[in-house]
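Close look at the chain arrangement
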Amino acid sequence: MIEDQTAVSAENNKEVSDAADAMFNYLRDVIYHPQDASLDLSVLPSEMQEFGEALLFFCGMVMDAKTYAINISKGQLDAVPPARDNEFSAPLKDLLASLKHLTWQAKQVALGDYQQKVDFMGEFSVAFNDMTEQLKQRREALANEADEVRKQALYLERSNILFKSIMGNISDLIIVIDRMHGDRLFTNHPPKNVLASETFEDQLYSVLLEYAQNIEAGEEASTDSFTLISDTGLQHFSVILYSIRWDGHDAVACVLEDITEEKERMDELENAAYRDIMTGAYNRHYGMKVFDEWAEAKEKFSVIFVDMDMLKYVNDVFGHSEGDTYINSVNALLGGISPNAIVSRLGGDEFMVLAKEEDVAADSVSEHLEKLRAELVASAPKDENGKDIYPRSISFGVVLVDETNELPPADLLSMADERMYEYKKAHKKERLN
Amino acid sequence: MANIFNKDETIHVFKWENLGNIKEGRTDLGEEMPVLVYRLMQFTMLDVLTKDFGPDKANEYFRRAGYLAGSEFVKNNLDTSVDFSVFVSKLQELLIDYKIGILRIEEFDDVTNNIVLTVAQDLDCSGLPITNETVCNYDEGFLAGILDVYTGAKYKVEEIECWATGDRVCRFNATVTG
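Residues numbered from 1 in each chain as written. Chains lettered and ligands numbered in written order. Predicted model: local features only at pLDDT ≥ 70, side-chain atom pairs only at ≥ 80, totals over all residues.

1. Notes on the packing of helix 2 (residues 49–73) of chain A against helix 3 (residues 90–110) of chain A
All names here are of chain A.
- Running from amino to carboxyl end, helix 2 crosses helix 3 at an angle of 15 degrees, the nearest separation of the two axes being 10 Å. Our classification of the angle between helix 2 and helix 3 gives roughly parallel. Crossing of helix 2 over helix 3 shows left-handed handedness. Note on element contacts: helix 3 touches helix 2 through Leu-92, Leu-95 and Leu-96, opposite Ala-65, Tyr-68, Ala-69 and Ile-72.
- In terms of residue class, the contact of helix 2 with helix 3 is made up of seven nonpolar, no polar and no charged. (Axes fitted to C-alpha atoms, helices over the stretch in contact; angles between N-to-C directions. Helix = DSSP H or I, 4+ residues; strand = E, 2+ residues; numbered from the N terminus. Parallel < 35°, antiparallel > 145°, perpendicular 65-115°, else oblique. Left-handed = near helix turned anticlockwise from the far one by under 90°. Contact = placed C-beta atoms within 7 Å. Nonpolar A, V, L, I, M, F, W, Y, C, P; charged D, E, K, R; others polar.)

Structure, rendered in structure tokens:
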């Protein structure tokens with residue numbers, strides 16, 4: 001009996017031991033070899049059957065949850081979830097929901113929706129929210145910048161339209177020249193539209209290049225004028241020079257105005273104001289103006305008072321036309337004193353000549369005048385017998401003005417006048433003969 | 001004598017103003033109450049309606065009530081003229097402020113305008129025992145009301161996952177039907 005009991009006990013112990021081994025091996029496989037994990041409930045004693053079923057159910061949930069976790073970890077957001085009553089997979093479903101929402105948020109951010117905020121997933125949320133905030137700020141900054149650029153572009157476009165309109169409509173020729181290399185960077189008209197002759201073009205550029213190379217970068221605007229000479233005539237220009245930056249170059253903008261007509265008009269006005277119409281000599285007004293200026297400037301010069309002899313006689317006997325010829329011949333003669341001398345007709349038969357010391361030395365003035373006078377005498381018109389029809393001659397008085405002079409111009413002129421009369425008186429007899 | 005000013009008023013016709021001035025009325029207890037009380041009312045109501053009309057009809061009443069609530073909620077709290085992303089963002093904030101739940105979008109179909117969205121920590125169901133049955137019928141109507149008012153389209157919202165079905169969020173398919 002005891003032996004029987006012992007035998008039964010040993011058999012039970014073995015059954016329990018086999019069941020324990022089976023469950024141990026099953027649990028080990030669940031952990032390390034889930035694909036091989038199986039538990040044969042028939043090896044379990046009857047009293048352990050329910051426990052075995054619970055163990056299979058438990059391990060099944062664990063393995064399903066693990067498979068689900070593996071799929072999620074691989075980014076398979078559409079992975080089939082375990083059975084709904086699998087309690088272990090609930091946190092994974094929670095995570096999956098967060099990841100799906102995060103995916104949508106990332107897509108929204110990619111579309112430019114920077115309002116997206118993550119309010120779960122701890123430190124990642126802070127990083128994500130910082131990112132969207134920075135993207136938002138950057139977009140705002142870029143939008144502001146783009147707005148500014150748009151405004152500037154609009155302003156530039158308008159300015160450019162204005163610039164082109166002005167450039168195209170003004171008659172001035174604007175040429176931009178590279179200061180270093182002399183390249184022509186811009187012209188508002190073809191130069192030939194402005195130049196009187198195409199042959200001027202090279203001349204023009206060489207003049208402008210010289211200006212450009214003599215201007216320092218950043219120098220203020222300067223103004224000048226110049227004249228071009230060609231076969232067809234003179235062309236006068238005024239030029240304003242601006243030192244500028246042009247498309248990365250140190251450049252000079254030359255604004256050229258053709259002042260030929262203006263210059264000619266000015267010359268005409270000057271002639272009308274300062275010239276004696278008949279002789280072309282300067283008039284009394286201009287002569288006295290120069291006299292005052294030279295005296296004021298303490299120049300050393302000779303004042304020559306000239307009176308034509310016998311003009312009234314010529315006018316009365318031979319007519320004013322012959323008188324005018326006589327006057328013109330005297331005027332031409334006086335021009336021979338010096339090319340720089342100022343010959344002015346004071347009126348009727350009187351001339352005044354002003355000659356600087358450097359042009360005609362004071363000690364040779366009288367000698368010079370005597371020679372001219374002799375030429376004039378010799379130029380008198382002749383009859384068929386070679387005899388003078390009427391005599392031609394001048395009387396003159398000379399006063400030297402230098403830096404020590406303190407007399408006013410009027411006194412100096414009177415002094416020259418007196419000397420002229422003395423000369424006339426001295427040579428009266430000679431003329432009568 | 002009857003109050004002539006209130007002759008057309010009845011508590012049975014919903015108006016947002018009829019929710020009353022809670023702050024003024026509950027000076028000591030305040031404007032909030034435990035979720036337990038909300039659910040107590042919901043589930044006892046569901047119980048009564050189910051007994052009288054059957055579960056399908058009871059769920060339908062809950063859905064319709066939710067739709068009315070969602071529509072009025074948007075009309076009285078949100079700007080519907082803004083872009084969708086801005087609208088969703090404001091709606092999310094508001095649902096959190098009112099402690100209704102955490103709304104998240106999972107998918108949005110640009111072509112069909114169909115949406116998959118979730119509500120976490122939902123007022124109606126989070127923490128319920130698992131019954132393998134979606135229970136957020138009120139939320140289905142609530143979300144449909146919100147989407148209809150904002151989009152002008154007609155949405156059908158169906159709960160596909162729920163705390164009560166073992167999930168941790170309630171997941172809704174919102175489908176345009178007209």
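2. Digging into the sheet that holds strand 1 (residues 102–108) of chain B
- With antiparallel pairing, four strands are arranged side by side in an open sheet as 1-2-4-3 (chain B). Edge positions in the sheet fall to strand 1 and strand 3 (155–161) of chain B, since each of these pairs with one other strand and no more. Each strand of the sheet is rotated relative to its neighbour by a mean of 25 degrees, with strand direction disregarded.
- In terms of strand pairing, strand 2 (residues 115–120) of chain B meets strand 4 (residues 169–176) of chain B through six bridges, oriented antiparallel. By the bridge assignment, Val-116 of chain B is partnered in strand 4 of chain B with Asn-173 of chain B.
- In the packing of helix 3 of chain A onto the sheet, contacts are made with strand 1, strand 2 and strand 4 of chain B, and the angle to strand 1 of chain B comes to roughly 60 degrees. (Pairing = 2+ DSSP bridges.)

3. Notes on the nonpolar core
- Core analysis: the largest hydrophobic core is formed by 37 residues, its most contacted members being Val-303, Ile-304, Phe-305, Val-330, Val-353 and Phe-396 of chain A.
- Of all the secondary structure elements, the ones that give two or more residues to this core are strand 7 (301–308), helix 9 (320–334), strand 8 (342–347), strand 9 (350–356), helix 10 (362–378), strand 10 (394–401) and helix 11 (409–426) of chain A.
- The leading source of residues in this core is strand 7 of chain A, at six residues.
- Excluding residues that lie within four positions of it along the chain, Phe-396 of chain A makes contacts with Ile-304, Phe-305, Val-306, Leu-369, Met-420 and Tyr-423 of chain A.
- Counting residues in hydrophobic clusters, the runner-up holds 34 residues, among them Phe-73, Ile-105, Leu-117 and Val-169 of chain B. (Core = buried A, V, L, I, M, F, W, Y, C linked by C-beta atoms within 7 Å. Buried ≥ 20, exposed ≤ 12 C-beta atoms within 10 Å, placed from the backbone.)

No statement about biological role is implied by the geometric values presented.
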